[in-house]
Amino acid sequence: MKHPADWMIGKNVNNEVVVTSRIRLARNLRDLSFPGWAKKAERVAAMDKMRPKVEALKVMKNGFSHELSELEPLQKQVLVERHLISREQAARGQGSAAVVDRGQRLSLMINEEDHLRMQSIRAGLRLREAHQLLSKVDSALEKDLEFAYDDELGYLTACPTNLGTGMRASAMLHLPALVLTEQIGQVLQAVNKIGLAVRGLFGEGTESLGHLFQISNQATLGESEEVIISRLERVIAQIETHETNARLKMLEDEPNQLSDKIGRAYGILGYATMFDSKEAFSHISLLRMGAAMGYFPEGTMQACDSMMMEIQPAHLQLHAGAELEPEERDIIRAEILRSRLQTLTAPAINIITNDIVGGSEITGDLNFENE
Amino acid sequence: MKCELCNNKATVFYTQAVQGGQKKICLCENCADKSGLTDPGAFSMVDILMDETPEQAQPVMVAEVAEACEHCGFTLEDYRKVGRLGCSQCYTAFLGEILPMLAKMHHGIKHEGKVPSGMADSLALRKKLAAMKKDLDSAIAEENFEAAVKLRDGIKELEAQVS
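Let me sum up the structure you'll find in this document. All figures in this text were calculated on a predicted structure; none of them were measured in a lab.

What counts and how
- Residues numbered from 1 in each chain as written.
- Chains lettered and ligands numbered in written order.
- Predicted model: local features only at pLDDT ≥ 70, side-chain atom pairs only at ≥ 80, totals over all residues.
- Heavy atoms only, no water.
- Helix = DSSP H or I, 4+ residues; strand = E, 2+ residues; numbered from the N terminus.
- Polar contact = N/O pair within 3.5 Å; in protein donor to acceptor, adjacent residues only side chain to side chain.
- Axes fitted to C-alpha atoms, helices over the stretch in contact; angles between N-to-C directions.
- Parallel < 35°, antiparallel > 145°, perpendicular 65-115°, else oblique.
- Contact = heavy atoms within 4.5 Å.
- Nonpolar A, V, L, I, M, F, W, Y, C, P; charged D, E, K, R; others polar.
- Salt bridge = Lys/Arg side-chain N within 4 Å of Asp/Glu carboxyl O.
- Buried < 20%, exposed > 50% of the residue type's maximum accessible area, 1.4 Å probe, protein only.
- Pairing = 2+ DSSP bridges.
- Buried area = accessible area lost by both parts, 1.4 Å probe.
- Core = buried A, V, L, I, M, F, W, Y, C linked by side-chain atoms within 4.5 Å.

1. So, the side chain of His174(A)
Consideration 1: Among the structural elements, His174(A) can be located in strand S8 (residues 167-174).
Consideration 2: Reaching out from His174(A), the side chain makes a polar contact with the side chain of Arg288(A) at a distance of 3.2 Å.

Here it is in structure tokens:
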């Protein structure tokens, strides 16, 4: 658990636009009070029933398993920033547990809003793979645990919004070009219209940081897992195409402005001494897009994804080994970014000056040496 | 779901068996009162609302709404406040309240998709068990003791399987 997992930094996979795919399944034990209504003793009893079965799963070998009450606030926050537990789960203590596999691809929350919330995350557009893994885990668990299920309503959940499949499929999309070209509103509206939800980086009620958007199904009842995933895949693929086209159009129509934006982001990240999360995210986002468009050598996009993870508040404090006030965080955040930027090559920028210098092209190499 | 007579929220749902199927009416409390639907003695409105003459005069309330879940004590008021339920059995207790909202939030009100393995069998068993218990009650009421004994033994056997 010391380091972020491969999926968090998109190793060996195309995740230029679709950063990650995630599936979550909600399950409850039959007849036991849901965690939000259960008394403490009932909650603990339910946890004691589920936890050994979850820990005994083959995929959980050498995994991480803790009751939330055993974890420090900072540790919980790190798990939230890695999307391994929800913010809701982090707020819980005794009677709730988190079990995460060694590769941090599979995490099971015990006694969150439902008795069991299982999720699997993958880099890139790989909802099906994530679902296959989860479905296997689900089938293994139901041999030992009797889940609340109804012929008509499907899996019964604490909130009726999750009934049926109990499945939430979502993808994290990086859409800087759609934001910069002001097409994002239209796209998100269309997504909403077809019954999908759009959220920020950390789900419900969070704002979009670094041009990252989470798109997920709202309806869970009345359609099979397959139908829900297929629709989401189609929509995501379309948005991906829009984003890619918007990037190409920017490159074609306003190459100098684009270079300028990317160059400035690189410069600011490399030299600023204070950054709040929001500003840092917006610059890293441009760098990330630049990396995907060939302005930087291979590996830069993964470096951007690592940076996005490292500069979040809990990760920062973990790095610093101390609790930090927001202003101290901004300073350390900038410190980390400056040192990361030193390892990154400056963007290869072609400044096109057709209009100014009679048709000739000047290559402006911005490779200013770092120190 | 909206009332079929005015546009208020429908809270009363009647299903009636008619030739070849069912007829359903959704009304708000006001219109239901006015039409006499909540008075089991008066069915005039049913006839007006349904274009076919009902085969059975007795309307069946599809989904009753209990005040509280007998199993876990969670109340209807709690649900209205927090939008979440107390336990899996609350869905039976408050179905009439929940069902009309489901159509709005989902793409249907009937589950499609994964069925827990083994659950299909045990569900069928439980349903059969419930039906047999009902038969047993009516057999006793009709003083058909021979049938009642058979049913009682059958129920015992099934119960052993379910547990």
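2. Let's talk about the packing of helix H11 (residues 313-320) of chain A against helix H12 (residues 326-342) of chain A
All names here are of chain A.
Consideration 1: Their axes nearest at 10 Å, the elements H11 and H12 cross at an angle of 80°. The angle between the axes of H11 and H12 places the two elements in the roughly perpendicular class. Listed contacts from H12 to Pro313, Leu316, Gln317, His319 and Ala320 of H11 are Arg329, Ile332, Arg333 and Ile336.
Consideration 2: Partitioning the contact of H11 with H12 into residue classes produces 5 nonpolar, 2 polar and 2 charged.

3. Observations regarding the pattern of salt bridges
Consideration 1: Under the defined criterion, the tally for this structure stands at 24 salt bridges over all chains.
Consideration 2: Ionic pairing is found between Glu112(A) and Arg117(A), a salt bridge with its closest N-O pair at 3.2 Å.
Consideration 3: Between Asp305(A) and Arg288(A) there is a salt bridge whose closest N-O contact spans 2.6 Å. With Asp305(A) in helix H10 (residues 300-310) and Arg288(A) in helix H9 (residues 277-292), this residue pair connects regions lying 17 residues apart in the sequence.
Consideration 4: Overall, Asp305(A) belongs to the buried group, its relative accessible area being 5%.
Consideration 5: When salt bridges that share partners are traced, they join Glu112(A), Glu113(A), Asp114(A), Arg117(A) and Arg84(B) into one network.

4. So, the sheet that holds S8(A)
Residues and elements named next belong to chain A.
Consideration 1: With antiparallel pairing, 8 strands are arranged side by side in an open sheet as S2-S3-S4-S5-S1-S8-S10-S9. Two strands in the sheet have a free side with no partner beyond their single neighbour: strand S2 (64-67) and strand S9 (196-199). Pairs of neighbouring strands in the sheet enclose a mean axial angle of 15°, with direction left out of account.
Consideration 2: Here strand S1 (residues 18-27) pairs with S8 via 7 bridges, running antiparallel. Directly across from Ser21, in S8, lies its bridge partner Ala171.

5. Some details on unusual backbone geometry
Residues and elements named next belong to chain A.
Consideration 1: One non-glycine residue, Asp31, adopts positive backbone phi at about 70°.
Consideration 2: Within the fold, Asp31 resides in the loop between S1 and helix H1 (40-55).
Consideration 3: Overall, Asp31 belongs to the partly exposed group, its relative accessible area being 24%.
Consideration 4: Despite not being glycine, His211 shows a phi value in the positive range, around 55°.

6. Here we look at the interface of chain B and chain A
Consideration 1: Listed as interface residues are 35 residues of chain B and, on the opposing side, 41 residues of chain A.
Consideration 2: The junction of chain B with chain A conceals about 3,200 Å² of combined surface from both sides, 56% of it contributed by carbon and sulfur atoms.
Consideration 3: Its largest share of buried area at the contact with chain A, chain B owes to Tyr91(B), His107(B) and Lys114(B), together 22% of the area lost on that side.
Consideration 4: The interface formed by chain B and chain A contains 2 salt bridges.
Consideration 5: Run the count over chain B and chain A and you get 20 residue pairs in polar contact (both at pLDDT 80 or more).
Consideration 6: The set of elements that each furnish at least two residues to the side of chain B that touches chain A consists of helix H3 (76-82), helix H5 (95-105) and helix H6 (119-141) of chain B.
Consideration 7: A class-by-class count of the residues in the side of chain B that touches chain A yields 16 nonpolar, 12 polar and 7 charged.

7. Examining the nonpolar core
Consideration 1: One finds Leu108(A), Leu116(A), Leu141(A), Ile239(A) and Leu287(A) to be the most contacted residues of the largest nonpolar core, which totals 81 residues.
Consideration 2: Among the elements that line this core, the one with the most residues is helix H7 (residues 225-253) of chain A, at 8 residues.

In short, the description is geometric, and any link to function would need to be established separately.
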